[in-house]
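# Per-entry structural report
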Amino acid sequence: MQEFKVTSSERSQLIDITADVRRAVSASGISEGRCLVFVPHTTAAVTINEGADPAVRHDIEYELDKLIPWAGGYAHAEGNSAAHIKTTLVGSSETIPVSAGRLVLGTWQAVYFCEFDGPRSRRVYVKVTAD
Amino acid sequence: MQEFKVTSSERSQLIDITADVRRAVSASGISEGRCLVFVPHTTAAVTINEGADPAVRHDIEYELDKLIPWAGGYAHAEGNSAAHIKTTLVGSSETIPVSAGRLVLGTWQAVYFCEFDGPRSRRVYVKVTAD
Amino acid sequence: MQEFKVTSSERSQLIDITADVRRAVSASGISEGRCLVFVPHTTAAVTINEGADPAVRHDIEYELDKLIPWAGGYAHAEGNSAAHIKTTLVGSSETIPVSAGRLVLGTWQAVYFCEFDGPRSRRVYVKVTAD
């Protein structure tokens, strides 16, 4: 299993980690298999979405903030329940095919670390497994 | 890795791809393992839900449209931010157990391709791996 | 593939199944690999979130109920469309790394079975695969 760090600078922030994940795939030396990206936090998640236009990232952050407002009459005393709820909606893991030694993503796809309670220093686990 | 095509006819449309996924499992010849269904698009997703009553499909499409309205004051100039956001909420991959050469789904479960910016011609990747 | 039962006592209820999943990992005897947790129902899901403060569980149940109200003008005659929609948003599977014979979860992470149409008796499938 490989691991890398992500540092967020905003409360809600999608950070493109595609290059880090590709690096982990190369380092594994595996040609045919699958790549598990796992976020070991409870107020951060992982998603795959468009990498080309930064406005997409912005719209996802904005709409999730609108759907799950930060101040929502929650019970959890720490005050970051919105971040926990977004984590459950977006999810803690993604599995991506690996073929010919490369991550198989669609033309417009990028892998994003989703910070929902930043700024913080975070970790991402990557596990590449051969078929 | 196997691949098949899906053609959508509506902007929002859940399309039952269970038969295609079962076919990919059979074609793999694998008896015990797992099946990764991966959607290589950024405005389409994959989910597992009830296959028996078409009203469930309809209700999912309707409620997602209500939660994430098409016209929402988004920044992304292409105008399809709602589709990107739904993709992040529903997710780009699902992993399903394979046992005795068959996809292990619950009695009511079906696998759906989720079109959020149709009509379009789309692709789905399936990777079946032995234990 | 291993299987265990979960019994819910409320309509919406997050139930901590971390101990059951850890037990399945131990029983598999696998040291390095990954663990697939799969829910074979269409009105129940699986998520990973904070295990320490029960208020987090409560806030997730409460906010999902608010986002997807039980009575929402749905078409599905059975009357549990809200549960189907939450299942699609939260997801039917999670994959977690296994290393040194143990489930690799972050400090605060727990695995939750998400009941959205209880009380019911349910099943969870766990498949641990070696690298």
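The present account deals with the structure reproduced in this document. (Residues numbered from 1 in each chain as written. Chains lettered and ligands numbered in written order. Predicted model: local features only at pLDDT ≥ 70, side-chain atom pairs only at ≥ 80, totals over all residues. Heavy atoms only, no water.)

All chains considered together, the criterion is met by zero aromatic pairs over all chains. The ring of W70(A) carries R11(A) above its face, with NZ or CZ at 3.8 Å from the centroid. (Phe/Tyr/Trp six-rings, centres within 6.5 Å; stacked < 30°, edge-to-face > 60°. Lys NZ or Arg CZ within 6 Å of the ring centre and 35° of its normal.)

Our next topic: the relation of the copies chain A and chain B. Mapping chain A onto chain B is achieved by rotating through 120 degrees and translating by 0.0 Å along the same axis, at an RMSD of 0.0 Å. Taken together, the rotation and translation describe the operation of a three-fold axis. Relative to the rotation axis, the C-alpha of L89(A) is the closest in chain A, positioned 3.3 Å from it. Comparing contact sets, just 13% of the residues at the interface of chain A also lie at the interface in chain B, consistent with a heterologous contact between different surfaces. (Least-squares fit on C-alpha atoms with pLDDT ≥ 70 in both. Contact = heavy atoms within 4.5 Å.)

It takes a turn of 120 degrees to lay chain A on chain C, together with a shift of 0.0 Å along the axis; the resulting RMSD is 0.0 Å. Different-surface contact between copies: only 12% of interface residues of chain A are shared with the interface of chain C.

The next point concerns the packing of helix α2 (residues 54-67) of chain B against helix α3 (residues 81-90) of chain C. It is the contact of α2(B) with α3(C), at a shortest axis distance of 9 Å, that shows an interaxial angle of 70 degrees. By the criterion of interaxial angle, the relationship of α2(B) to α3(C) is roughly perpendicular. At the point where α2(B) passes α3(C), the crossing takes the right-handed sense. Taking contact as the criterion, the partners of V56(B), D59(B), I60(B), E63(B), L64(B) and L67(B) in α2(B) are, on α3(C), S81(C), H84(C), I85(C), T88(C) and L89(C). Looking at the contact of α2(B) with α3(C), its residues break down into six nonpolar, three polar and two charged. (Axes fitted to C-alpha atoms, helices over the stretch in contact; angles between N-to-C directions. Helix = DSSP H or I, 4+ residues; strand = E, 2+ residues; numbered from the N terminus. Parallel < 35°, antiparallel > 145°, perpendicular 65-115°, else oblique. Left-handed = near helix turned anticlockwise from the far one by under 90°. Nonpolar A, V, L, I, M, F, W, Y, C, P; charged D, E, K, R; others polar.)

All right, on to the interface of chain A and chain B then. If you look at the interface, chain A gives 31 residues, while chain B gives 32 residues. Between chain A and chain B the total buried area reaches about 2500 Å² when both faces are included, carbon and sulfur atoms providing 57% of it. Considering only the surface of chain A that becomes buried against chain B, R34(A), D59(A) and E63(A) emerge as the three largest contributors, covering 22% of it. Where chain A meets chain B, there are one salt bridge. Here D131(A) and K127(B) are joined by a salt bridge, their closest N and O atoms 2.6 Å apart. (Buried area = accessible area lost by both parts, 1.4 Å probe. Salt bridge = Lys/Arg side-chain N within 4 Å of Asp/Glu carboxyl O.)

A word on the sheet that holds strand β8 (residues 121-130) of chain A. Residue and element names in this part refer to chain A. Ordered in space as β1-β8-β3-β5-β6, the five strands form an open sheet in which the pairing is antiparallel. Looking at the sheet topology across the chains shown, the edges are occupied by β1 (2-7) and β6 (102-103). Here β1 pairs with β8 via six bridges, running antiparallel. Following the sheet pairing, K5 is matched in β8 by R123. (Pairing = 2+ DSSP bridges.)

Take the pattern of salt bridges next. Residues and elements named next belong to chain B. Within the structure shown, the criterion is met by 21 salt bridges over all chains. Here E63 and K66 are joined by a salt bridge, their closest N and O atoms 3.5 Å apart. Of this pair, E63 and K66 both sit in helix α2, three residues apart, roughly one helical turn. Look at E63 and you get buried, because its relative accessible area is 1%. (Buried < 20%, exposed > 50% of the residue type's maximum accessible area, 1.4 Å probe, protein only.)

Before going further, it helps to examine unusual backbone geometry. Cis geometry is found at the peptide bond from G118(A) to P119(A), where omega equals -5 degrees. By the secondary structure assignment, P119(A) is in the loop between β7 (109-115) and β8. In this structure, A100(B) takes a positive phi of about 50 degrees despite not being glycine. Structurally, the position occupied by A100(B) is in the loop between β5 (93-99) and β6 (102-103). Judged by its relative accessible area of 60%, A100(B) is exposed.

Residues and elements named next belong to chain A. Regarding helix α1 (residues 18-28), the residues found buried are T18, V21, A24 and V25. The buried side chains of α1 occupy one side of the element, clustering within an arc of 125 degrees when seen end-on. Opposite the buried face of α1, by more than 90 degrees, sit the exposed residues R23, S26 and A27. Following α1 by one or two positions, G29 has its phi on the positive side, about 70 degrees. (Arc of directions from axis to C-beta.)

Take the pairing of strand β7 (residues 109-115) of chain C next. All names here are of chain C. In terms of residue burial, β7 counts as a mostly covered element, since seven of its seven residues are buried. Here β7 shows a buried face lined by Q109, V111, F113 and E115 and a second buried face lined by A110, Y112 and C114. Here strand β2 (residues 13-16) pairs with β7 via four bridges, running antiparallel. Directly across from Q13, in β7, lies its bridge partner E115. Here strand β4 (residues 44-50) runs beside β7; their pairing, made up of seven bridges, is antiparallel. Directly across from A45, in β7, lies its bridge partner C114.

With 32 residues of chain A at the contact, the number on the chain C side is 31 residues. When chain A packs against chain C, close to 2500 Å² is buried across both sides, 57% of that on carbon and sulfur atoms. Contact with chain C buries area across many residues of chain A, yet F38(A), T88(A) and K127(A) alone supply 23% of it, more than any other trio. The interface formed by chain A and chain C contains one salt bridge. Elements supplying a minimum of two residues to the side of chain A that touches chain C: β3 (33-38), α3 (81-90), β5 (93-99) and β8 of chain A. For the side of chain A that touches chain C, the element with the most residues is α3(A), which contributes six residues. Residues of the side of chain A that touches chain C, tallied by class, amount to 15 nonpolar, 14 polar and three charged.

Read these as spatial facts, not as claims about activity.
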